[in-house]
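Summary of structural features
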Amino acid sequence: MRHLSITFLTWYVCGMFMLLALLSSAITYVPSAQWIGAIFGLGSITAALTAAAAAIVCGRLPSTHWVHTSRPLFVGSLVAATAATLLFLVIV
């Protein structure tokens, strides 16, 4: 049985934040709060691009690299994936 990898989790976080950015463009805000949508969309895109860059870097590393065996890094990416999922569920 295969286990979750750092690379998979970072691609998952990237996809979730891309969905959040797309969703934030579909939300209608009151005229006095238009800036909230822009900030939320920009933050989601920035997080998605950062996660994509991390996934590309992790994917190019050999499987014996310390990144793939680091327990704190795995737990941190698992927390980020869970937070992105919960944020998506709250927004939807």
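Just above sits the structure.
Definitions and limits used
- Residues numbered from 1 in each chain as written.
- Predicted model: local features only at pLDDT ≥ 70, side-chain atom pairs only at ≥ 80, totals over all residues.
- Heavy atoms only, no water.
- Helix = DSSP H or I, 4+ residues; strand = E, 2+ residues; numbered from the N terminus.
- Buried < 20%, exposed > 50% of the residue type's maximum accessible area, 1.4 Å probe, protein only.
- Areas by Shrake-Rupley, 256 points an atom, 1.4 Å probe, with all protein chains shown as cover.
- Core = buried A, V, L, I, M, F, W, Y, C linked by side-chain atoms within 4.5 Å.
- Contact = heavy atoms within 4.5 Å.
- Expected span 1.5 Å × (residues − 1).
- Disulfide = S-S within 2.5 Å.
- Axes fitted to C-alpha atoms, helices over the stretch in contact; angles between N-to-C directions.
- Parallel < 35°, antiparallel > 145°, perpendicular 65-115°, else oblique.
- Left-handed = near helix turned anticlockwise from the far one by under 90°.
- Nonpolar A, V, L, I, M, F, W, Y, C, P; charged D, E, K, R; others polar.

1. With respect to the overall build of the protein chain
Helix and strand counts for the protein chain come out as four helices and zero strands. Secondary structure elements of the protein chain occur, N-terminal to C-terminal, as α-α-α-α. Once the C-alpha set of the protein chain is aligned to its principal axes, its extents read approximately 50 × 20 × 20 Å. Sorting the 92 residues of the protein chain into buried and exposed places 28% on the buried side. Counting only carbon and sulfur atoms, one obtains 75% of the accessible surface of the protein chain, whose full area is about 6300 Å².

2. What to know about the nonpolar core
Counting 15 residues, the largest nonpolar core has I6, V13, C14 and F17 as its most contacted members. Sorting the residues of this core by element identifies α1 (6-26), α2 (34-60) and α4 (71-91) as the ones contributing at least two each. For this core, the element with the most residues is α1, which contributes seven residues. Ignoring any residue separated from it by four or fewer positions in sequence, one finds V13 in contact with A51, S77, A80 and A81.

3. As for α2
Taking 1.5 Å of rise per residue, 27 residues should cover 39 Å, and α2 covers 40 Å from first to last C-alpha, within 8% of that figure. Where α2 is buried, its residues touch α1 and α3 (66-69).

4. Looking at the state of the cysteines
Per the counting criterion, the structure on display carries zero disulfides. You can see C14 has no disulfide; the closest cysteine sulfur is in C58, sitting 13 Å from it. For C58, a relative accessible area of 10% gives the class buried.

5. Quick word on the environment of A83
With respect to the helices and strands, A83 occurs in helix α4. When its relative accessible area of 44% is taken as the criterion, A83 is described as partly exposed. With 67 residues separating them along the chain, A83 and M16 place their C-alpha atoms 9.9 Å apart.

6. So, the packing of α1 against α2
If you want to describe how two helices pack, look at the angle between their axes and the distance between the axes. Contact pair α1 / α2: the axes reach a minimum separation of 8 Å and the direction vectors enclose 160°. By the criterion of interaxial angle, the relationship of α1 to α2 is roughly antiparallel. Both α1 and α2 take part in a crossing whose hand is left-handed. Each residue belonging to the contact of α1 with α2 can be placed in one class, and the counts come to 18 nonpolar, seven polar and no charged.

7. Section: the environment of G43
With respect to the secondary-structure elements, G43 resides in helix α2. For G43, a relative accessible area of 37% translates into the label partly exposed. Measuring from C-alpha to C-alpha, the distance between G43 and L20 comes to 9.7 Å, with 23 residues separating the pair along the chain.

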